[in-house]
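Structure assessment
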Amino acid sequence: MSNKKKVNPYTTDGKVVTYSSEGDINNLLGKIIGDKFIKYREIWDKANRMELVTKFPLFLHLDMNQECNYKCPHCIIGTLSEVKENYSGNYLDFKNFKKIIDEGSEHNCPSMEPQGNNEPFLIKNLNEYIYYAHKKGFIDIMLNNNGSALTKKRAQQILDSGLTRLRFSLDAFSPETYSKVRVGSIPLKRVLKNIFTFLELKEKGNYKLPVVGVSFCEMSHNEHELDQFIEFWTGKVDMISIQRYMPPVPGKKKYDKYYSTKQLNEEPITDFKCVQPFQRVMIKNDKITPCCVSFNKDLILGSIHDTTIFDAWNSEKMNKIRQMHKDGKFYLDKTCNDCVNIIYPNHKIQIPNQIN
C-alpha cells in the first residue's frame with residue numbers, strides 16, 4: 001500500500017484482527033493469483049465452517065526447528081527447558097522437507113508455511129525451500145519472521161522464491177518497548193531498515209507478491225502502543241495483524257503477567273470450536289500434530305518416518321478430534337481445554353471425563 005487509505009479491521013478466527021485497505025487480504029491475493037486461489041479459499045471457507053473434511057489437509061504448517069536469535073520471555077524459545085519438554089525428534093532438513101512437500105503436491109495441497117517457533121531466516125538456504133514448494137504447485141506460501149536477518153541479498157532471493165505472504169513480527173512501536181518485548185534483539189531501527197529495504201526492492205522490481213504485513217501481539221507491556229503501531233504502518237504495508245496473547249504452555253504462572261488488560265477483563269467464553277483440525281496439520285520437527293499448540297505430546301498423530309500425512313489426516317484419532325470440536329466439546333480433551341483456557345484466561349469450565 002503506497003498511500004494511506006481507510007483500513008477496516010476483520011477477523012476470521014477471533015484470535016487475530018487484521019487491518020487492510022483491501023478488506024480481507026485474500027481478496028487482493030485472489031486478484032493477483034486468479035481463479036485457482038479463489039477456488040482454494042472457497043474450499044478453505046467451507047472447511048472453516050466445518051461443512052467439509054477434505055481428503056488431505058489444506059495447509060501444511062512446518063515447525064522445522066526451534067532456533068531463534070531472540071530470547072523473548074513470553075515465547076517458549078526463551079526457556080530452553082520448556083523447548084526440551086515439548087519437542088522431540090530431529091530438525092527437518094531439506095531432504096525431509098522435500099518428502100513432505102512431495103506428498104502434499106501429490107494431493108494438490110494448496111498452502112504451507114515453513115516456519116513455527118523459530119526465526120526462519122536462520123536457515124541459510126530458506127529461499128530454496130520456498131522455491132521448491134512453489135515449483136511443486138503450492139499456491140499460498142506464507143512466512144513470519146522478526147526482520148533481523150533479512151539482508152538485501154536475501155530479500156531479493158525471497159522476492160524470486162514464489163512466497164505469497166511475508167509478515168514481520170514486531171510487537172512494538174517504540175525502540176524502548178521493542179527492547180523489552182524482543183529480548184536479545186538487534187535495535188528496532190535496523191529491523192525497520194530491513195523491512196523498508198524489502199519494500200523498496202519489491203516496488204522497484206514491480207513484484208506483486210508477496211503481500212507484506214506486520215504483526216503486533218497485544219500484551220500488558222506493549223498495549224499502550226497499539227494505536228501508534230496501527231497508525232504508523234497504515235499505508236506502508238498490505239496488512240496489519242493484531243494478535244491476542246497465548247502463553248506457549250499451560251499451567252505456568254510466570255506467563256500471566258503478559259496478558260493484556262483487555263484479555264483479563266473479557267467476559268468468559270463458553271462456546272468454542274477449533275477449526276484447525278479441519279484445515280491443517282502441523283509438523284513439529286518430524287512429529288505430525290493436528291494444530292499449532294506447542295504443548296502436550298498426547299495429540300501426536302505419528303512421525304513422518306513411520307506414517308504418511310494422508311494416513312495421519314484420515315486416522316481414527318484425527319476424525320475423533322474433528323468430531324469433538326464440531327460438537328463443541330473441546331473440554332473433553334485436556335490439551336484442547338488447556339489451549340482455550342490460556343487464550344481466554346477468564347474461561348470457567350469444569351472438565352468432565354477427558355480423552356487424555
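I will try to describe carefully the structure that is included in this document.

So, how was this worked out
- Residues numbered from 1 in each chain as written.
- Predicted model: local features only at pLDDT ≥ 70, side-chain atom pairs only at ≥ 80, totals over all residues.
- Heavy atoms only, no water.
- Pairing = 2+ DSSP bridges.
- Helix = DSSP H or I, 4+ residues; strand = E, 2+ residues; numbered from the N terminus.
- Axes fitted to C-alpha atoms, helices over the stretch in contact; angles between N-to-C directions.
- Parallel < 35°, antiparallel > 145°, perpendicular 65-115°, else oblique.
- Left-handed = near helix turned anticlockwise from the far one by under 90°.
- Contact = heavy atoms within 4.5 Å.
- Nonpolar A, V, L, I, M, F, W, Y, C, P; charged D, E, K, R; others polar.
- Buried < 20%, exposed > 50% of the residue type's maximum accessible area, 1.4 Å probe, protein only.
- Arc of directions from axis to C-beta.
- Phe/Tyr/Trp six-rings, centres within 6.5 Å; stacked < 30°, edge-to-face > 60°.
- Lys NZ or Arg CZ within 6 Å of the ring centre and 35° of its normal.
- 1 Å grid on protein atoms, 1.4 Å probe; cavity = no way out; pocket = protein on both sides within 12 Å on 5 of 7 lines; lining within 4 Å.
- Points joined across faces, edges and corners; volume = space filled by probe spheres on them.
- Core = buried A, V, L, I, M, F, W, Y, C linked by side-chain atoms within 4.5 Å.

**Re the sheet that holds strand β5 (residues 140-145)**
- Taking strand neighbours across the sheet as the criterion, the 11 strands line up as β1-β2-β8-β7-β6-β5-β4-β3-β9-β10-β11 in an open arrangement whose pairing is mixed. Strands at the two margins of the open sheet, each flanked by one partner only, are β1 (8-10) and β11 (302-303).
- Sheet analysis places strand β2 (residues 16-20) next to strand β8 (residues 239-244), joined by four bridges and oriented antiparallel. If you follow Val 16 over to β8, its bridge partner there is Gln 243.

**Comments concerning the packing of helix α4 (residues 94-106) against helix α5 (residues 126-135)**
- The N-to-C vectors of α4 and α5 enclose an angle of 20 degrees; their axes lie 10 Å apart at closest approach. As summarised for this structure, α4 and α5 are arranged roughly parallel, according to the angle between their axes. Read as a crossing pair, α4 and α5 show a hand that is right-handed. Between α4 and α5, the residues in contact are Phe 94, Phe 97, Lys 98, Ile 101 and Asp 102 and Glu 128, Tyr 129, Tyr 132 and Ala 133, respectively.
- Of the residues that constitute the contact of α4 with α5, the class distribution is six nonpolar, no polar and three charged.

**What about helix α6 (residues 152-159)?**
- Every buried residue belonging to α6 is among Arg 154, Ala 155, Ile 158 and Leu 159, and all of these are buried. On an axial view of α6, the arc spanned by its buried residues comes to 145 degrees, and they lie on one face.
- In this fold, the buried residues of α6 make contact with α5 and α8 (188-204).

**Re the packing of aromatic side chains**
- Applying the stated rule across the entire model yields 18 aromatic pairs.
- Taken together, a centroid distance of 6.2 Å and an interplanar angle of 25 degrees make the contact between Phe 94 and Phe 97 stacked. You can see Phe 94 and its partner Phe 97 sitting in helix α4, three residues apart, about one turn around the helix.
- Owing to a relative accessible area of 23%, Phe 94 belongs among the partly exposed residues under this scheme.
- We classify Phe 97 as buried; its relative accessible area is 0%.
- In textbook terms, an aromatic cluster arises when at least three aromatic residues are bridged by ring pairs, as seen for Phe 173, Phe 196, Phe 216, Phe 229, Phe 232 and Trp 233.
- The ring of Phe 232 has Lys 236 lying over it, and the distance from NZ or CZ to the ring centre is 4.2 Å.
- Across from the ring centre of Tyr 87, 5.0 Å away, lies the NZ or CZ of Lys 284, which sits over that ring.

**Structural notes on empty space enclosed by the protein**
- Tallying each qualifying case throughout the model produces two cavities of 30 Å³ or more.
- The volume enclosed by the largest cavity comes to roughly 60 Å³.
- Lining the largest cavity, in full, are Asn 86, Tyr 87, Ser 88, Lys 284, Lys 287, Thr 289, Asn 296, Lys 297 and Ile 300.
- Residues belonging to the lining of the largest cavity are distributed by class as follows: two nonpolar, four polar and three charged.
- When its volume is computed, the second largest cavity comes out at roughly 40 Å³.
- Every residue lining the second largest cavity is listed: Lys 284, Thr 289, Pro 290, Cys 291, Val 293, Phe 295, Asn 296, Lys 297, Leu 299 and Ile 300.

**A short note on the nonpolar core**
- Judged by nonpolar contacts, the single largest core of 89 residues is most densely connected at Leu 60, Leu 62, Met 112, Trp 233 and Ile 240.
- With seven residues, α8 is the single largest residue contributor to this core.
- For Met 112, the contacting residues outside a window of four places in its chain are Phe 59, Leu 60, Leu 62, Phe 97, Ile 101, Ala 133, Phe 138, Asp 140, Ile 141 and Met 142.
- Counting 17 residues, the second largest nonpolar core, distinct from the first, contains Tyr 40, Leu 58, Met 142 and Phe 278.

**A word on the pairing of strand β9 (residues 280-284)**
- Counting buried positions over the five residues of β9 gives five, a clear majority of the element.
- With burial as the criterion, each face of β9 is covered, one bearing Arg 280, Met 282 and Lys 284 and the other bearing Val 281 and Ile 283.
- Bridge count between β9 and strand β10 (residues 287-289): three bridges; the pairing is antiparallel. Within β10, the residue paired with Met 282 across the bridge is Thr 289.

**Comments concerning the side chain of Thr 164**
- Following the sequence through the fold, Thr 164 ends up in the loop between α6 and β6 (165-169).
- Taking the relative accessible area as the measure of exposure, Thr 164 reaches 2% and is therefore buried.
- Non-local contacts of Thr 164, meaning those with residues more than four positions away in its chain, are made with Leu 29, Ile 33, Ile 139, Asp 140, Ile 141, Leu 209, Pro 210 and Val 211.

**Here's the deal with α5**
- When α5 is considered as a whole, its buried residues turn out to be Leu 126, Asn 127, Tyr 129, Ile 130 and Ala 133. Seen from one end, α5 has its buried residues packed into an arc of 160 degrees, which puts them on one side.
- Summarising the contacts, the buried residues of α5 are in contact with α4, β4 (111-113), β5 and α6.
- Downstream of α5 by one or two residues, Gly 137 has phi in the positive range, about 105 degrees.

**Some details on unusual backbone geometry**
- Pro 210 follows Leu 209 through a cis peptide bond whose omega is 5 degrees.
- Within the secondary structure layout, Pro 210 lies in the loop between α8 and β7 (211-218).
- One non-glycine residue, Asn 206, lies in the positive phi region at around 55 degrees.
- Residue placement: Asn 206 occurs in the loop between α8 and β7.
- Despite not being glycine, Asn 285 shows a phi value in the positive range, around 60 degrees.
- On the secondary structure map, Asn 285 appears in the loop between β9 and β10.

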